[in-house]
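Results of the structural survey
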Amino acid sequence: MGLLSRAVQSAARQREVSRRRFWGWLNAVFNAVDNERIKAVGPDRAAAEWLLRCGAKVRFEGFDRWHHDYNGLPTGSLGRYKIQAIDATESCIMNRGFDYLDGLKFVEEIKFNKCVYIEDVCMERLSSMENLQASLYMMEVVSCGNVTDKGILALHKLRNLEYLFLSDLPGIKDRQMTVDRLQRALPRLDIALDLD
């Protein structure tokens, strides 16, 4: 009976590994950048399509409500709608798709909450985008297990960042050093922590 039980457990593990590989592959496909689409519809529309395809939400300038339905995105002339805020809670966005963020000039707020594919390289990439360095003033990073001190320290390039909320980040090992260095680089930054 023990042999049969081990065989069933082994088969179940293999099926779970195959399922994870499939979802990882599918998420990578969703994050593939289509430069032709960016040229055709503009950076804000293309980024909104990418974000919604990956399960995130966007809010456009002049709108109070969040858009989460891909088919419900507003239509209009090229460049008419500008992304003002991104809520990537539980989405599958990953570094591979961050090129979509390059052309965004009006993003003021980004929330990364329970984003399993967000890691230090994403924070570094985000912080290196000149448009976001100028426009982003509010950010949350919550329950993103692959973000470490290195990723949070990279945010020092976001020169207009005024508010940063950090919570449930087990990758942060030296909380005080990270906060002190970030605070020295960005003296106007209000950092709220819930890292215990």
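In this report, the structure presented in the accompanying data block is examined. Bear in mind that the values here come from a model prediction, so they are computed numbers and not experimental data.

Here we look at the sheet that holds strand β4 (residues 138-142)
Here six strands make up an open sheet; going across it, the order is β1-β2-β3-β4-β5-β6 and the pairing mixed. Both outer strands of the open sheet, β1 (57-60) and β6 (190-194), are each paired with one neighbouring strand and no more. Mean inter-strand twist for the sheet, computed between neighbouring axes without regard to direction, equals 10°. As defined by bridge partners, strand β5 (residues 163-167) adjoins β6 across five bridges and the pair is classed as parallel. Looking at the pairing, Phe165 lines up with Ala192 of β6. Strand contacts of helix α7 (residues 175-185): β5 and β6, with the helix running at about 165° to β6, the strand carrying the most contacts.

Quick look at the side chain of Asp149
Structurally, Asp149 can be placed in helix α6 (residues 149-153). Side-chain polar atoms of Asp149 contact the backbone nitrogen of Lys173, separated by 2.7 Å. Within the local environment of Asp149, its side chain forms a polar contact with the side chain of Thr178, the two groups lying 2.5 Å apart.

Focus: the pairing of strand β3 (residues 109-113)
Burial of β3 is extensive: four of the five residues sit out of reach of the surface. Across three bridges, strand β2 (residues 83-87) lies against β3 in parallel orientation. Directly across from Asp87, in β3, lies its bridge partner Lys111.

Digging into α7
When we look at burial in α7, the residues that qualify are Thr178, Val179 and Leu182. Here the buried residues of α7 occupy an arc of 95° about the axis, which is enough to place them on one side.

Analysis parameters
Residues numbered from 1 in each chain as written. Predicted model: local features only at pLDDT ≥ 70, side-chain atom pairs only at ≥ 80, totals over all residues. Heavy atoms only, no water. Pairing = 2+ DSSP bridges. Helix = DSSP H or I, 4+ residues; strand = E, 2+ residues; numbered from the N terminus. Axes fitted to C-alpha atoms, helices over the stretch in contact; angles between N-to-C directions. Contact = heavy atoms within 4.5 Å. Polar contact = N/O pair within 3.5 Å; in protein donor to acceptor, adjacent residues only side chain to side chain. Buried < 20%, exposed > 50% of the residue type's maximum accessible area, 1.4 Å probe, protein only. Arc of directions from axis to C-beta.

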